[in-house]
Amino acid sequence: MRAGGVTMLPLALVSLAMWLLIVDRALFFRRLYRKNMPLNIASVHLRENRMPDPRRYCGAVSMVVAGFIQRRSNDRRLDRFILDETVLTINRSLNDHLAVIGVLAAIAPLLGLLGTVTGMIDTFDILSVFGTGNAKGMAGGISEALITTQTGLLVAIPGLYMKGFLDRRARNLQQRVARTGYYLRRQI
Amino acid sequence: MKKIVFSRFPVLLMVIAMALPAAAGDMRELQIQAQEARQTLIRDAAAEKAAAEAAAAESRARIMKDRVSLEAAIAALESANRSLEKTVDTMDAEYRQLVDREGQLSEKLTRTDSMINELVGVIRVNAKDVDGLITQNLQSAMGGTPPSFLQAVAQESRFPGMDDVRALARGLLDQIETTSEVAMQKGTIIDRAGRDVDADVLLLGPFTAAYRIGDETGFCNYSAAGRKLYALSRLPTGRMQNHLERYMDGESDVVPMDISRGGALRQLTHELKLWEQVPKGGPIVWPILLILAVGILIVIERIIFLVRKHLDADGLVRTIESHCLKEDWPACETVCDRHANIPVARVVKAGLTCCDMQREEMENALQEAILREIPPMERFLSTLGMLAAIAPLMGLLGTVTGMIDTFHVITLHGTGDPRLMSGGISEALVTTMLGLTVAIPLMLSQTLLSRAVDKKIGEMEEKAVALVNIIHKSRGKR
């Protein structure tokens with residue numbers, strides 16, 4: 001860590017923030033995936049105007065049902081629009097933070113490159129003072145250059161993978177929410 | 001020889017006498033006269049002979065006497081000669097002995113001489129070493145004996161006597177003693193402005209010196225030539241200063257020191273801060289900085305805009321709903337007018353003005369109102385995204401121009417001196433670095449801002465649908 005010089009601190013911060021967001025999103029999506037409510041039970045809830053039990057059902061479908069029941073009017077035509085609104089709100093919240101994760105993962109290799117450049121600058125500074133004779137002096141800069149590049153890639157590659165994973169999962173959930181919306185529309 | 005002359009003289013006379021009568025006329029008289037003359041002559045000759053013989057005897061006696069004395073003298077001289085020869089012989093022998101001895105002694109002398117020379121050489125080398133040690137030691141800047149005697153010895157201007165050797169040993173021991181010390185004392189150093197000032201000086205053995213003047217804390221370098229400590233032109237980092245200060249106050253027992261005797265500290269002076277590197281990046285740096293400035297302005301403007309246009313839309317819709325169910329339309333409109341400059345409220349108001357219409361027409365009116373609100377919210381965001389995309393490209397451009405410079409230098413001067421190439425390389429690296437440092441925050445803030453705008457737009461759409469539903473709900477009750 002110390003051998004990497006000043007660039008390691010922002011790298012560490014970027015990595016920390018990225019992983020916190022990734023873990024947060026992953027847990028959120030996992031909650032929406034798990035304990036899903038079958039669509040026929042959802043329509044039963046809707047008909048009986050009963051809030052779904054948050055201990056049994058905490059998936060995406062129950063979120064739609066709960067959101068809709070909170071706001072529903074008793075006009076059938078209007079209820080369809082209110083359902084659309086609920087689906088829109090939920091789908092919008094699913095994309096939160098994903099862009100930030102992506103940009104953090106994209107920044108990490110740039111920071112690594114920055115560390116490489118500062119390390120090479122150190123090396124050439126020593127070169128201009130001592131000439132090529134002082135291999136030990138140059139080694140500090142070179143190790144800084146290599147370590148930051150390596151760290152940047154180490155942060156970026158899993159970050160990009162997780163970004164893709166979360167994107168897929170979010171799209172999946174959005175489709176599921178939209179499907180629930182279409183299904184429930186028919187039931188109202 | 002004399003004797004022979006005397007004996008031949010009468011014979012000659014007789015020959016002359018016998019010859020004379022042959023020439024004479026009167027032979028008789030002449031004979032008598034001749035007889036008489038001959039007798040006188042014989043007498044004279046006899047007398048002369050006697051006298052001569054006496055003289056001869058006398059001279060013979062004298063000669064004899066002389067001879068005897070001479071012989072005695074000779075004998076004496078010969079004996080003297082013999083004794084002298086004997087003396088000469090003995091002296092000769094003595095001389096040979098002495099030559100032998102001299103040979104031995106000079107051999108011994110050369111041996112001793114070479115030994116002494118060797119010894120002096122060793123002492124001089126050691127004196128030079130100790131002298132170097134003392135002058136290089138930064139502790140000698142804070143008092144201590146001046147090592148002049150060592151220089152005299154080392155520079156071969158003086159024969160190192162026993163006193164010098166003792167002084168050398170003493171100096172060396174003193175060095176050992178002082179270099180093991182960590183001392184804090186008051187002393188004079190040359191500060192960063194080049195003036196002599198009094199400061200608290202912390203000496204860490206022979207390695208590092210630190211100073212404190214007022215609340216300025218930093219490291220000192222030592223110049224052996226002037227025997228002076230001078231403050232480094234650049235202060236160390238705040239963390240290092242804290243460490244030093246706490247060590248000086250005795251609160252901590254950890255202190256940063258430079259065991260390379262100044263090498264690391266010199267490196268500290270060469271270290272460049274970020275803004276000092278900026279001018280090294282060449283002309284491409286300025287457009288990148290311009291992008292940064294414009295980007296920051298846009299981000300600030302957008303944040304202010306979004307914060308000012310923020311409203312608790314859920315609360316607003318709830319209030320409207322309660323008024324709607326009572327069919328109190330003027331109250332609804334006053335609620336919306338209270339937030340006249342906020343998009344959600346404007347959209348809701350647009351919905352309220354056409355509350356008598358059919359559902360589709362209301363939806364159209366609301367859609368129109370939303371579309372009217374979107375452009376000011378998204379203003380500048382695409383510019384910001386473009387700036388975030390351009391910044392690293394500018395950095396890349398700088399990299400390429402820097403590399404072109406480097407290769408120009410290589411074609412001109414070859415690869416012999418890496419220092420010549422480092423100008424282009426540092427340009428390349430600095431622009432890349434700046435491009436990235438500008439691009440990363442711009443990219444991040446562009447994403448966050450457009451996310452926020454998207455959220456607002458979604459909120460408006462949602463509230464529009466909710467409003468239509470509320471209005472129809474209240475109509476249904478009627």
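Labelled according to an unreviewed UniProt entry, chain B appears under the name Flagellar motor protein MotA, originating from Desulfosarcina ovata subsp. ovata. For the record of chain B, the UniProt heading Sequence similarities (unreviewed entry) holds the text "Belongs to the exbB/tolQ family."

A. The arrangement of the UniProt feature "transmembrane region" (unreviewed entry) in chain B in detail. All names here are of chain B. According to UniProt, the "transmembrane region" (unreviewed entry) feature falls on residues 284-305, 380-404 and 424-444. This span, residues 284-305, is 95% helix and 0% strand, and a straight line between its end C-alpha atoms measures 32 Å. Annotation note: span residues 424-444, helix share 100%, strand share 0%, distance between end C-alpha atoms 31 Å.

B. View of the pattern of salt bridges. All names here are of chain B. In total, this model carries 19 salt bridges over all chains according to the counting rule given. In this structure, the salt-bridge partner of glutamate 301 is arginine 302, at a minimum N-O distance of 3.0 Å. Look at arginine 302 and you get buried, because its relative accessible area is 1%. Ionic pairing is found between arginine 372 and glutamate 368, a salt bridge with its closest N-O pair at 3.7 Å.

C. Structural detail: the pairing of strand β1 (residues 182-190) of chain B. Residue and element names in this part refer to chain B. Bridging between β1 and strand β2 (residues 196-204) involves 9 bridges; their strand directions are antiparallel. Note on β2: the bridge partner recorded for methionine 184 is leucine 202. Counting the residues that bridge the hairpin from β1 to β2 gives 5 residues, and of these glycine 194 lies at a positive phi of roughly 90 degrees.

D. Region of interest: the nonpolar core. The biggest cluster of nonpolar side chains holds 111 residues, and the ones touching the most others in it are Val65(A), Leu184(A), Leu316(B), Ile320(B), Val348(B) and Leu352(B). Looking at this core, the element that brings in the most residues is helix α14 (residues 418-477) of chain B, giving 21 residues. Contacts of Leu184(A), omitting those with residues within four sequence positions, involve Ala42(A), Ser43(A), Leu46(A), Val64(A), Val65(A) and Leu83(A). If you look at the next biggest cluster of nonpolar residues, it comprises 11 residues, including Leu138(B), Ala199(B), Cys220(B) and Ala231(B).

E. Representation of unusual backbone geometry. Residues other than glycine seldom take positive phi values, yet His97(A) does so here, at roughly 70 degrees. Inspection of the secondary structure assignment puts His97(A) in the loop between α4 (76-94) and α5 (98-130). Taking relative accessible area as the criterion, His97(A) reaches 31% and is therefore assigned partly exposed. Its identity as a non-glycine residue notwithstanding, Phe380(B) has a phi of 70 degrees, on the positive side. Note on placement: Phe380(B) falls in the loop between α12 (359-378) and α13 (381-413). What makes Phe380(B) partly exposed here is its relative accessible area of 34%.

F. Quick peek at the confidence of the model for chain A. This prediction gives chain A a mean pLDDT of 83; 96% of its residues lie at or above 70. Looking over chain A, one finds the lowest element-wise mean pLDDT in helix α2 (residues 39-48) of chain A, namely 78, and the highest in helix α1 (residues 8-33) of chain A, namely 91.

G. Representation of the side chain of Gln241(B) in the model. Locating Gln241(B) in the fold gives a position in helix α5 (residues 238-248). Excluding residues within four positions of it along the chain, Gln241(B) makes contact with Thr217(B), Leu235(B) and Pro236(B).

H. Spatial organisation of the interface of chain A and chain B. With 35 residues of chain A at the interface, the matching set in chain B holds 32 residues. With both sides pooled, the region where chain A packs onto chain B buries about 3,100 Å², and carbon together with sulfur makes up 72% of that total. Our count for the contact surface shared by chain A and chain B stands at 2 salt bridges. Across the pair Asp96(A) and Arg451(B) runs a salt bridge, and its minimum N-O distance is 3.4 Å. Viewed at the interface, chain B and chain A are joined by 3 residue pairs in polar contact (both at pLDDT 80 or more).

I. The arrangement of the packing of helix α9 (residues 313-325) of chain B against helix α11 (residues 343-353) of chain B in detail. Residues and elements named next belong to chain B. Where α9 contacts α11, the two axes come as close as 11 Å, and the packing angle between them is 25 degrees. Taken together, the axis directions place α9 and α11 in an arrangement best described as roughly parallel. For α9 against α11, the interelement crossing comes out right-handed. Residues Ala313, Leu316 and Ile320 of α9 touch α11, and the partners they reach there are Val344, Ala345, Val348 and Leu352. For the contact of α9 with α11, a count of residues per class yields 7 nonpolar, no polar and no charged.

J. Looking closely at the packing of helix α3 (residues 60-71) of chain A against helix α6 (residues 135-187) of chain A. All names here are of chain A. Running from N to C, α3 and α6 point in directions that differ by 45 degrees, and their axes come no closer than 9 Å. What the angle tells us is that α3 and α6 run oblique. Of the two possible hands of crossing, α3 and α6 adopt the one that is right-handed. Contact with α3, carried on its side by Ala60, Val61, Val64 and Val65, involves Leu173, Val177, Thr180 and Leu184 of α6 and no other residues of that element. Considering only residue class, the contact of α3 with α6 consists of 7 nonpolar, 1 polar and no charged.

The rules behind these values
- Residues numbered from 1 in each chain as written.
- Chains lettered and ligands numbered in written order.
- Predicted model: local features only at pLDDT ≥ 70, side-chain atom pairs only at ≥ 80, totals over all residues.
- Heavy atoms only, no water.
- UniProt positions renumbered as here; feature names shortened; annotations may be inferred.
- Helix = DSSP H or I, 4+ residues; strand = E, 2+ residues; numbered from the N terminus.
- Salt bridge = Lys/Arg side-chain N within 4 Å of Asp/Glu carboxyl O.
- Buried < 20%, exposed > 50% of the residue type's maximum accessible area, 1.4 Å probe, protein only.
- Pairing = 2+ DSSP bridges.
- Core = buried A, V, L, I, M, F, W, Y, C linked by side-chain atoms within 4.5 Å.
- Contact = heavy atoms within 4.5 Å.
- pLDDT = per-residue confidence, 0-100.
- Buried area = accessible area lost by both parts, 1.4 Å probe.
- Polar contact = N/O pair within 3.5 Å; in protein donor to acceptor, adjacent residues only side chain to side chain.
- Axes fitted to C-alpha atoms, helices over the stretch in contact; angles between N-to-C directions.
- Parallel < 35°, antiparallel > 145°, perpendicular 65-115°, else oblique.
- Left-handed = near helix turned anticlockwise from the far one by under 90°.
- Nonpolar A, V, L, I, M, F, W, Y, C, P; charged D, E, K, R; others polar.

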